[in-house]
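One-letter residues, chain by chain:
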2 protein chains.
Amino acid sequence: MIMRTLIISLLSIGVIAAPSAALAANEPIQPIEAAKPKNADMVELGKMLFFDPRLSKSGFISCNSCHNLSMGGTDNLPTSIGHKWHEGPISAPTVLNSSMNLAQFWDGRAKDLKEQAGGPIANPGEMGFTHELAVDVLRSIPEYRTRFKQLFRSDKIDIGMVTDAIAAFEETLVTPDSRFDKWLKGDKKALNQTELEGYKLFKESGCTSCHNGAAVGGGSFQKFGIHEPYKTTSKAEGRFAVTGKDADRFMFKVPTLRNVELTYPYFHDGAAATLEEAVDTMGRLQLGRTFNKEENAKIVAFLKTLTGKQPEFKLPILPPSTNETPRPKPFG
Amino acid sequence: MIMRTLIISLLSIGVIAAPSAALAANEPIQPIEAAKPKNADMVELGKMLFFDPRLSKSGFISCNSCHNLSMGGTDNLPTSIGHKWHEGPISAPTVLNSSMNLAQFWDGRAKDLKEQAGGPIANPGEMGFTHELAVDVLRSIPEYRTRFKQLFRSDKIDIGMVTDAIAAFEETLVTPDSRFDKWLKGDKKALNQTELEGYKLFKESGCTSCHNGAAVGGGSFQKFGIHEPYKTTSKAEGRFAVTGKDADRFMFKVPTLRNVELTYPYFHDGAAATLEEAVDTMGRLQLGRTFNKEENAKIVAFLKTLTGKQPEFKLPILPPSTNETPRPKPFG
């Protein structure tokens, strides 16, 4: 009786929501919940750094250049453009919901967002800078000095602080309230019949064996090309590059399918221009199954219900460089 | 008596502000007033287009790439980076308060913002696209079709509509409430002694003969290099490129000095890295006067009071491409 009263009380104040929780619990995909930032000042600093092209040698490329938050947290290009228009070897994964990945990069070579954030800054084919020079730029700008000091209680700035702040911002880039989440939480009208049938097919065909959880992916490495090999001109070999083990060749991190409508083109080489093409390839290569046109359309319709509320925030205003700030070298 | 009552009434409801109006009226620089957008939906569409890199051939460069609204509406580079990392021939002028310029571009070859907006899209060394292809991209995206239809009452989209919308957004990019504006409006404490002396020197030396009005510039073309020639490796010849008249050689549009603290480096070739250097060069070449170190510092202090409230808005979320959208060609 006491327990029953307690449950009713919790229900009434909304701590637990019986129908939705019950429904979601039976599904391989869980609703995604809005981020609850621990430190708003850290997030704000991270946002500034995310948008600051002075972290690149050229002064032209910021994190947002390839993880464009106007466009689903990616650049919508097959492979990315880096310093001096370098053609990157791989397609930029979305930064949206990336905090839920088991590791970062397609090959998982960074264990978390903090470790990831340092990579592109120092990659000659991406931002083309060094951690030391990037930090020198920030140190020369009074507003950055003040913000770092307030947050880290230190007069110095180091790259670990920079990547801490960027990661804190990126952790807020979660996209709740998709139509599929509404359905998971009990709103039966949130999906139409085609979308529901697409979801059923998605589950029954085995897609959810990898694309599951709150992020609908991101939780494991899997071999790309199980039933037949994936044909590509890309030289990326996935997890093998990290472990050197033959068994890890062509093992890639399973991407999140959240906002997949926005994150075209698809696969690590960006070779699939459309969702239809991606679904067809995944069916054949990963599941040994050819979806007919109608089945393909249903799955695509379901996938488009995974588009969530995009992060909303003001474009950050960056503090100006000073006479002491090292100047960018776009053509040097 | 009736007139006196009327004036007192107007004063009391703030329609006229006697002390400030009187003060500003005697100054060669006028306060800048916040924009009053006529059509909020048009501004919103223009903002989306301003941030949309799909108006470039590469899908990577947007208006905001070189007129970065996080950084004073410019790229803070001596010359800009264009398609395939092309090195531009000239320094990107700020888009802030640009609606007040007598014409657009350093040589004034576009009569207004609408005419300007089409230039970079089709410039092979900037966005590298064509107007036709840019419009094809927009036509393929349902949300853009809907927005254009609502605004222009037409099923078609043409480049004139695109540049109308971009110009409408750019007209909102006005930066009021600088400390200097506060001083102009009667707040005597808004400037310190050094800044006031800098302003006095700025006026008395003749800087205000060109840098005047609400935008502190932008109102005329002037020859760069009056008392001695300007030495530069830049091939830009200013207004001569438009008129073909010898008298217009090295005639450039006088840039606005609003937010000049943010719009480094300076001059059409971006050769002056600091405000101190810019003030020194302008004194010698334009006024035949060498400012000593103290004078230079005072003028620089004054110039920094011209930094206004930067435009605040949410980063726009762009509608995704569809299967019909022509794909960008970053490396093609």
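Predicted model, so just to flag it, every value in this text is computed and none were measured.

**Some points on the overall build of chain A**
Stage number 1. Each helix and strand in chain A was counted, giving 13 helices and four strands.
Stage number 2. The C-alpha atoms of chain A give 22 Å as radius of gyration, which agrees with the globular expectation for 332 residues (20 Å, within 12%).
Stage number 3. Taken along its principal axes, the extent of the C-alpha atoms in chain A is 65 × 60 × 35 Å.
Stage number 4. Per-residue burial over chain A gives 54% buried out of 332 residues.
Stage number 5. For chain A, long-range pairs separated by at least 24 residues make up 70% of all intrachain contacts whose partners lie at least 6 apart in sequence.
Stage number 6. Total accessible area on chain A is roughly 14,900 Å²; 56% of this is exposed by carbon and sulfur atoms.
Stage number 7. Separation of charge centres in chain A, based on 40 positive and 38 negative side chains, amounts to 2 Å.

**A word on the relation of the copies chain B and chain A**
Stage number 1. When chain B is fitted onto chain A, the two copies agree to an RMSD of 0.0 Å after a turn of 180° and an axial shift of 0.0 Å. Such a turn and shift between the copies fits a two-fold axis. Across chain B, the smallest distance between a C-alpha and the rotation axis is recorded for K314(B), namely 2.0 Å.
Stage number 2. Same-surface contact between copies: 100% of interface residues of chain B are shared with the interface of chain A.

**Re empty space enclosed by the protein**
Stage number 1. On inspection of all chains with the given rule, the structure shows three cavities of 30 Å³ or more.
Stage number 2. Here the largest cavity is characterised by a volume of approximately 390 Å³.
Stage number 3. If you trace the largest cavity, you find 24 residues lining it, with N64(A), S65(A), S62(B), N64(B) and S65(B) closest to the centre.
Stage number 4. At the level of elements, helix 4 (63–66) of chain A together with helix 4 (63–66) of chain B are the ones that each hand at least two residues to the lining of the largest cavity.
Stage number 5. For the lining of the largest cavity, the class distribution of residues is ten nonpolar, twelve polar and two charged.
Stage number 6. In this structure, the second largest cavity spans a volume of roughly 60 Å³.
Stage number 7. In this structure, the second largest cavity is lined by R54(A), I317(A), L318(A), P319(A), P320(A), S70(B), M71(B), G72(B), N76(B), L262(B), Y264(B) and Q310(B).
Stage number 8. Looking at the lining of the second largest cavity, its residues break down into seven nonpolar, four polar and one charged.

**Comments concerning the interface of chain B and chain A**
Stage number 1. In this assembly, 47 residues from chain B lie in contact with 47 residues from chain A.
Stage number 2. The largest share of the area that chain B buries against chain A comes from F60(B), W85(B) and F331(B), three residues that together contribute 22% of it.
Stage number 3. In this assembly, chain B and chain A are joined by two salt bridges.
Stage number 4. At the surface where chain B touches chain A, the tally comes to 16 residue pairs in polar contact (both at pLDDT 80 or more).
Stage number 5. Along the lines of polarity and charge, the residues of the side of chain B that touches chain A split into 23 nonpolar, 15 polar and nine charged.

**Digging into helix 6 (residues 131–139) of chain A**
All names here are of chain A.
Stage number 1. Listing the buried residues of helix 6 in full gives A134, V135, V137 and L138. With its buried residues spanning 150° around the axis, helix 6 presents them on a single face.
Stage number 2. At its buried positions, helix 6 is contacted by helix 3 (40–51), helix 5 (113–122), helix 7 (142–152) and helix 8 (159–170).

**Observations concerning the confidence of the model for chain A**
Stage number 1. Of all residues in chain A, 93% attain a pLDDT of 70 or more, and the chain-wide mean is 94.
Stage number 2. Every residue in residues 5–20 of chain A scores below 50 in pLDDT, and together they form nine contacts with partners more than four places removed in sequence or on other chains.

**Things to note about the layout of surface pockets**
Residues and elements named next belong to chain A.
Stage number 1. Here the second largest pocket defines a volume of roughly 800 Å³.
Stage number 2. Along the wall of the second largest pocket there are 40 residues; nearest its centre are H211, P255, L257, F267 and M282.
Stage number 3. Contributing elements (two or more residues each) for the lining of the second largest pocket: strand 3 (221–223), strand 4 (251–253), helix 12 (275–287) and helix 13 (293–303).
Stage number 4. No other element matches helix 12, which puts seven residues into the lining of the second largest pocket.
Stage number 5. Split by residue class, the lining of the second largest pocket holds 24 nonpolar, 13 polar and three charged.
Stage number 6. Formed jointly, the lining of the second largest pocket draws a minimum of three residues from each of two domains, domain 1 (40–170) and domain 2 (179–306).

**Describing the pattern of salt bridges**
Stage number 1. In total, this model carries 44 salt bridges over all chains according to the counting rule given.
Stage number 2. Between E312(B) and K314(A) there is a salt bridge; the shortest N-O distance is 2.9 Å. Placement of E312(B) in the segment after helix 13 (293–303) and of K314(A) in the segment after helix 13 is noted, with the two residues assigned to different chains.
Stage number 3. Across the pair K156(B) and D158(B) runs a salt bridge whose closest N-O atoms are separated by 2.7 Å.
Stage number 4. Residue D158(B) is classed as partly exposed on the basis of its relative accessible area, which comes to 27%.
Stage number 5. A cluster of three or more residues bridged by salt bridges with shared partners is formed by E197(A), E294(A) and K298(A).

**Considering the nonpolar core**
Stage number 1. In terms of nonpolar packing, the biggest core is built from 88 residues, with L49(A), L69(A), F148(A), L49(B), L69(B) and F148(B) touching the most fellow members.
Stage number 2. Residue contacts for L49(B): discarding those within four places in its chain leaves L55(B), C63(B), L138(B), Y144(B), F148(B), V162(B), A165(B) and I166(B).

**Focus on the UniProt feature "binding site: heme c 2" (unreviewed entry) in chain A**
Residues and elements named next belong to chain A.
Stage number 1. Within the UniProt annotation, "binding site: heme c 2" (unreviewed entry) is assigned to C207, C210, H211 and M282. The largest pairwise C-alpha distance within this set of annotated residues, which runs over 76 residues, is 11.5 Å, so the set is compact in three dimensions. As for the annotated residues named above, the ones lining the second largest pocket are C207, C210, H211 and M282.
Stage number 2. With respect to the helices and strands, the residue H211 is situated in the loop between helix 10 (193–204) and strand 3.
Stage number 3. When neighbours within four sequence positions are excluded, H211 is seen to be in contact with I29, F202, V216, G217, V254, P255, L257 and M282.
Stage number 4. Mapped onto the elements of the fold, M282 is located in helix 12.
Stage number 5. Setting aside chain neighbours within four positions, we find M282 in contact with H211, F224, F267 and L287.

What counts as what
- Residues numbered from 1 in each chain as written.
- Chains lettered and ligands numbered in written order.
- Predicted model: local features only at pLDDT ≥ 70, side-chain atom pairs only at ≥ 80, totals over all residues.
- Heavy atoms only, no water.
- Helix = DSSP H or I, 4+ residues; strand = E, 2+ residues; numbered from the N terminus.
- Rg over C-alpha atoms; globule rule 2.2 N^0.38 Å.
- Buried < 20%, exposed > 50% of the residue type's maximum accessible area, 1.4 Å probe, protein only.
- Contact = heavy atoms within 4.5 Å.
- Areas by Shrake-Rupley, 256 points an atom, 1.4 Å probe, with all protein chains shown as cover.
- Lys, Arg positive; Asp, Glu negative; His and termini not counted.
- Charge placed at Lys NZ, Arg CZ, Asp CG, Glu CD.
- Least-squares fit on C-alpha atoms with pLDDT ≥ 70 in both.
- 1 Å grid on protein atoms, 1.4 Å probe; cavity = no way out; pocket = protein on both sides within 12 Å on 5 of 7 lines; lining within 4 Å.
- Points joined across faces, edges and corners; volume = space filled by probe spheres on them.
- Nonpolar A, V, L, I, M, F, W, Y, C, P; charged D, E, K, R; others polar.
- Buried area = accessible area lost by both parts, 1.4 Å probe.
- Salt bridge = Lys/Arg side-chain N within 4 Å of Asp/Glu carboxyl O.
- Polar contact = N/O pair within 3.5 Å; in protein donor to acceptor, adjacent residues only side chain to side chain.
- Arc of directions from axis to C-beta.
- pLDDT = per-residue confidence, 0-100.
- Domains from an automatic or database assignment.
- Core = buried A, V, L, I, M, F, W, Y, C linked by side-chain atoms within 4.5 Å.
- UniProt positions renumbered as here; feature names shortened; annotations may be inferred.

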